[in-house]
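# Breakdown of the fold
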2 protein chains.
Amino acid sequence: MNINDLTVGLIGGTGEEGRGLALRWAMAGAQVVIGSRVAERAKEAADELNQLLGEAKIRYGTNEAAVAGSEFVLLTVPFAYASATLESLHGHWRADAVLIDITVPVSFEQGRVRYVEPAEGSASEHLKTLLPENIPLVAAFKTEPAHLLLDPQAELDCDTLVASDNKAAKARVIEAIKFINGLRPVDAGVLYSARCLERMTILLIGINRRNKIKDGRFRILGLSE
Amino acid sequence: MNINDLTVGLIGGTGEEGRGLALRWAMAGAQVVIGSRVAERAKEAADELNQLLGEAKIRYGTNEAAVAGSEFVLLTVPFAYASATLESLHGHWRADAVLIDITVPVSFEQGRVRYVEPAEGSASEHLKTLLPENIPLVAAFKTEPAHLLLDPQAELDCDTLVASDNKAAKARVIEAIKFINGLRPVDAGVLYSARCLERMTILLIGINRRNKIKDGRFRILGLSE
């Protein structure tokens, strides 16, 4: 895999997590397009990140354009908009595309952080049912702190757990993530594992709150590399 | 807290995880009693561990005796027996006791590791309903590898996530765990978090399998201490 040939498009890439991932993929060398429902917002996000990068490396466009031009498509809208957004993009996929789903359904009612469990067991399992059949879905980047991703000087120094029912797609995503400095991909098995990964996000939000930090994250110990 | 005054009893402490925790609590300086339905099996486990320790530090007895004599009671039976075991011990608790629940409901059907979700959302939330009302339940030690716990030379070098609806009991457990060398307790919030912690065990079993290791475990990064 040549990272400079890798095209990464973000659906709704203007939020904190989306911008953070766009920045890190661009720093890794990939060709990044930030998509948005409103192209002007995508432009603003790309401009801000390109300023951090010191070059006009990140492009922008509509969500449709981001999907149509990308091998790796990151779904980075809030979960509440994820289903409708995916459905609206149905006809736009490249045949070799992979959807990387980072969404987590979370509610903050009465100050309490809670997981909003989809009927399929996880956001990733739910969203998989809405994709064209030939497009594999890989769950990843569910637990990386946006705050850290967005600071180009900050060492990520953590693991990202990667789950999918499509082994080949998962292997491609894992191989590509290795180009992101400081982020180690760990194979988390089949997509069923998203039920755990998404809850780990909720756990981290609580740990961050209790410890008044923003950068809580996971490392798996005991692996050989 | 003086760790040498702390009494730790294990309900069904003859399995790998139970023996491993008995060993580590004894190494920390606590007074440990291994309980079992069959006292002879508790004796065997205690004898084996005392040999590792080089002194007869760990005692043994029935589950009733382990509960009746302990401030911290660890529930270390397989989840399938946990409810019946707890119900049978109803009248035996000390007024100041805390139950530390380490159980995880897991199935291995057709070679696939799956979480068996209790109606209450987690094993810990289920078991809490079966305890005398004045006995708080704290979820902990859900993700520590038994293999590592049982090797007194091995550095644990990981975190244990601790969850409870009873803040005072959780604080006592966290304070005590700090005496276990190499194991850092991390406050995981209310008992609701057990839904995540128990699934993290399943995730680790998969990671261990895929990587042909036994010692996969978690560290939270970003904490100040």
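First things first, this report covers the structure right here in the doc.

## Concerning the overall build of chain A
If you tally the helices and strands in chain A, you get eight helices and 11 strands. The C-alpha atoms of chain A give a radius of gyration of 16 Å, which matches the 17 Å a tight globule of 225 residues would have. Over its C-alpha atoms, taken along the principal directions, chain A stretches across nearly 40 × 40 × 40 Å. In chain A, 73% of the contacts between residues at least 6 apart in sequence involve partners at least 24 apart.

## Overview of the pairing of strand S5 (residues 98–101) of chain A
Residues and elements named next belong to chain A. Side chains Val98 and Ile100 of S5 all project onto a buried face; the interleaved residues Leu99 and Asp101 project onto the opposite face, where all are buried too. In terms of strand pairing, strand S4 (residues 72–75) meets S5 through four bridges, oriented parallel. By the bridge assignment for S5, Val73 is matched with Leu99. Crossover connection from S4 via helix H4 (residues 79–88) to parallel S5: handedness right-handed. Pairing of S5 with strand S8 (residues 137–139), which is carried by three bridges, proceeds in the parallel orientation.

## Quick look at the sheet that holds strand S4 (residues 72–75) of chain B
All names here are of chain B. Strand order in the open sheet formed by six strands is S3-S2-S1-S4-S5-S8, and the pairing between neighbours is parallel. Across the chains shown, the open sheet's two edge strands, defined by having one partner strand only, are strand S3 (59–62) and strand S8 (137–139). Direction aside, the axes of adjacent strands within the sheet are offset by 25 degrees on average.

## Structural notes on the relation of the copies chain B and chain A
Here chain B sits on chain A after a turn of 180 degrees about the axis and a move of 0.0 Å along it, with an RMSD of 0.0 Å. The superposition operator between the copies reduces to a two-fold rotation axis. Closest to the rotation axis within chain B is the C-alpha of Arg219 of chain B, separated from it by 2.6 Å. The overlap is high: 100% of the interface residues of chain B also sit at the interface in chain A, so the same surface is used on both sides.

## Here's the deal with the interface of chain B and chain A
Contacts between the two partners involve 27 residues from chain B, matched on the other side by 27 residues from chain A. Elements that contribute at least two residues to the side of chain B that touches chain A include exactly strand S10 (183–187), helix H8 (194–211) and strand S11 (217–221) of chain B. Per element, the largest residue contribution to the side of chain B that touches chain A is 10 residues, and it comes from H8 of chain B. When grouped by side-chain class, the residues that make up the side of chain B that touches chain A number 13 nonpolar, six polar and eight charged. Note that strand S11 (residues 217–221) of chain A and S11 of chain B share five bridges and pair antiparallel. The partner of Phe218 of chain A across the bridge, within S11 of chain B, is Ile220 of chain B.

## Let's talk about helix H1 (residues 16–28) of chain A
Residues and elements named next belong to chain A. For H1, spanning 13 residues, the distance from its first C-alpha to its last is 18 Å, which sits close to the expected 18 Å at 1.5 Å a residue. H1 sits mainly inside the fold: 10 of its 13 residues count as buried. Glu17, Gly18, Arg19, Gly20, Leu21, Ala22, Leu23, Arg24, Trp25 and Ala26 are the residues of H1 that are buried. Among the structural elements, strand S1 (7–11), strand S2 (31–36), helix H2 (39–53), S4 and helix H6 (146–149) are those in contact with the buried residues of H1. Of the residues flanking the end of H1, it is Gly29, one or two places downstream, whose phi is positive at about 115 degrees.

## Some details on unusual backbone geometry
Residues and elements named next belong to chain B. If you check the backbone angles, Gln110 has positive phi at about 50 degrees while not being a glycine. With respect to the helices and strands, the residue Gln110 is situated in the loop between strand S6 (106–107) and strand S7 (114–115). Using a count of 6 C-beta atoms within 10 Å as the deciding quantity, one classes Gln110 as exposed. With a phi angle near 50 degrees, Lys212 is a residue other than glycine that sits in the positive phi range. In this fold, Lys212 is placed in the loop between H8 and S11.

## Details of the packing of H1 of chain A against H2 of chain A
Geometry of a packed helix pair, given as the angle between the helix axes and the separation of the axes. Residues and elements named next belong to chain A. Where H1 contacts H2, the two axes come as close as 10 Å, and the packing angle between them is 45 degrees. On the basis of the axis angle, H1 is oblique to H2. Helix-helix and strand crossings are classified by hand; for H1 and H2 the assignment is right-handed. Seen from H1, the contacting residues are Arg19, Ala22, Leu23 and Ala26; seen from H2, they are Ala45, Leu49, Leu52 and Leu53.

What counts and how
Residues numbered from 1 in each chain as written. Chains lettered and ligands numbered in written order. Predicted model: local features only at pLDDT ≥ 70, side-chain atom pairs only at ≥ 80, totals over all residues. Helix = DSSP H or I, 4+ residues; strand = E, 2+ residues; numbered from the N terminus. Rg over C-alpha atoms; globule rule 2.2 N^0.38 Å. Contact = placed C-beta atoms within 7 Å. Buried ≥ 20, exposed ≤ 12 C-beta atoms within 10 Å, placed from the backbone. Pairing = 2+ DSSP bridges. Right-handed = clockwise from strand over helix to strand, strands pointing away. Axes fitted to C-alpha atoms, helices over the stretch in contact; angles between N-to-C directions. Least-squares fit on C-alpha atoms with pLDDT ≥ 70 in both. Nonpolar A, V, L, I, M, F, W, Y, C, P; charged D, E, K, R; others polar. Expected span 1.5 Å × (residues − 1). Parallel < 35°, antiparallel > 145°, perpendicular 65-115°, else oblique. Left-handed = near helix turned anticlockwise from the far one by under 90°.

These results come straight from atomic positions and should not be treated as a statement about function.
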